[in-house]
Amino acid sequence: MSTILEGTPDKRMALVTGRAYPELAREVADCLGTQVLETTAYDFANGEMYVRYTEPVRGADVFVLQCHYGDINKWIMEQLIMVDALKRASARTITVVAPFMGYSRQDKKHQGREPITARLVYDLFRTAGANRIMTVDLHAAQEQGFFDAPVDHLTATPVLIDYVRNHLPLPNTTIVSPDAGRIKVSEQWAAKLGGLPLAFIHKTRDTTRPNHAVAHGIIGEVEGRDCVVVDDMIDTAGTICEAVRTLKDAGAKSVTLVATHGLLSGPAVERLRDCGAREIVLMDTVPVPEEKRLPNMTVLSVAPLLAAGIRSVFEEGSVATLLEGLPDDMRPRNIYA
């Protein structure tokens, strides 16, 4: 297979990847019927990085896939270097593909003298030479305005909803928002699953303590119900596990946790193991290694969604159609990562 996809006579597409999660890029390439363009990348002794593409990219529409996780600053910097190399190699367009956008939760100032690092990251990519950004389930959708060019904001909701629809007894299910900020998304879930009941957990967050929130109560009926808690990410899992305990104390029959980004930092795995959740459903927007996977954890592949988004952008089609679900030719793909 060629590493360059031929489009119209004057268009070519290439997919390149950094070193953070190359397995995902290969899955995306497989969905597209192509291969990842080979890249030479290594670190100097002092930690500086070097990147060079082994084939010409002049005039190509290039998609630069990198996962922001683990050593997040290193991988963002590597992606910036890749974008710069493409700009200097005369790529026609450069699209940054970041399934999980690093620093996305720092999208506003809570106190004086704080940075807005989400805006900073977008500015860095724009300065490096990126023409557009593609990402999945931003912490706050309004962050799209931080980038002075197109942002393709994909959502994993249709993939996750399909899974829940086929694996839970919906007549007894309640959709639960873990906080007030996720109510709109939870309402969309409830509507798409046939008008299910909705509840949300009232909690407060101490902005001076990262990854810390306190639940104060539940608004909505959850007693005897199979509850599905919908969130954008699970990081240290402290707040999401407290949500499970709050729902259990309120008489919930079972609790299923659903999140797009399974960061699973620090004590997250131990907390999830002990929290009593029926099932934990994640996407592989960042790697979820085997040692972090629990018997009740399901990891779904984001590759078909990214492939569909990349193809739509390259063919100048509508990305908005992906809000309703994957294209027919992507649905038969293996949904598990």
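Analysis parameters
Residues numbered from 1 in each chain as written. Predicted model: local features only at pLDDT ≥ 70, side-chain atom pairs only at ≥ 80, totals over all residues. Heavy atoms only, no water. Helix = DSSP H or I, 4+ residues; strand = E, 2+ residues; numbered from the N terminus. Rg over C-alpha atoms; globule rule 2.2 N^0.38 Å. Buried < 20%, exposed > 50% of the residue type's maximum accessible area, 1.4 Å probe, protein only. Contact = heavy atoms within 4.5 Å. Right-handed = clockwise from strand over helix to strand, strands pointing away. Pairing = 2+ DSSP bridges. Phe/Tyr/Trp six-rings, centres within 6.5 Å; stacked < 30°, edge-to-face > 60°. Lys NZ or Arg CZ within 6 Å of the ring centre and 35° of its normal.

Caption draft 1: Structural view of the overall build of the protein chain. A tally of helices and strands in the protein chain yields 8 helices and 15 strands. Here the C-alpha atoms of the protein chain give a radius of gyration of 20 Å, agreeing with the 20 Å that 2.2 N^0.38 yields for 337 residues. Viewed in the frame of its principal axes, the protein chain has a C-alpha envelope of about 60 × 50 × 35 Å. Put simply, the protein chain has 337 residues, and 52% of those count as buried. Taking all contacts inside the protein chain whose residues are at least 6 apart in sequence as the whole, residues at least 24 apart take part in 64%.

Caption draft 2: Structural context of the pairing of strand 7 (residues 132-136). By the criterion of burial, strand 7 is predominantly enclosed, with 4 of the 5 residues buried. Crossover connection from strand 6 (residues 93-98) via helix 3 (residues 117-128) to parallel strand 7: handedness right-handed. Sheet topology places strand 7 next to strand 8 (residues 151-154); 4 bridges connect them, and they run parallel. Following the sheet pairing, Ile-133 is matched in strand 8 by Val-151.

Caption draft 3: A look at the packing of aromatic side chains. A full pass over the atoms with the stated rule returns 4 aromatic pairs. On the basis of an interplanar angle of 75° and a centroid distance of 5.6 Å, the ring pair of Tyr-42 and Phe-44 is categorised as edge-to-face. With a centroid separation of 6.2 Å and an interplanar angle of 70°, the aromatic rings of Tyr-122 and Phe-146 are classed as edge-to-face. Separated by 24 residues along the polypeptide, Tyr-122 in helix 3 and Phe-146 in the loop between strand 7 and strand 8 bring together distant segments of the chain. Owing to a relative accessible area of 18%, Phe-146 belongs among the buried residues under this scheme. Three or more aromatic residues joined by ring pairs form one cluster here, namely Tyr-42, Phe-44 and Tyr-50. The ring of Phe-314 carries Lys-11 above its face, with NZ or CZ at 4.7 Å from the centroid.

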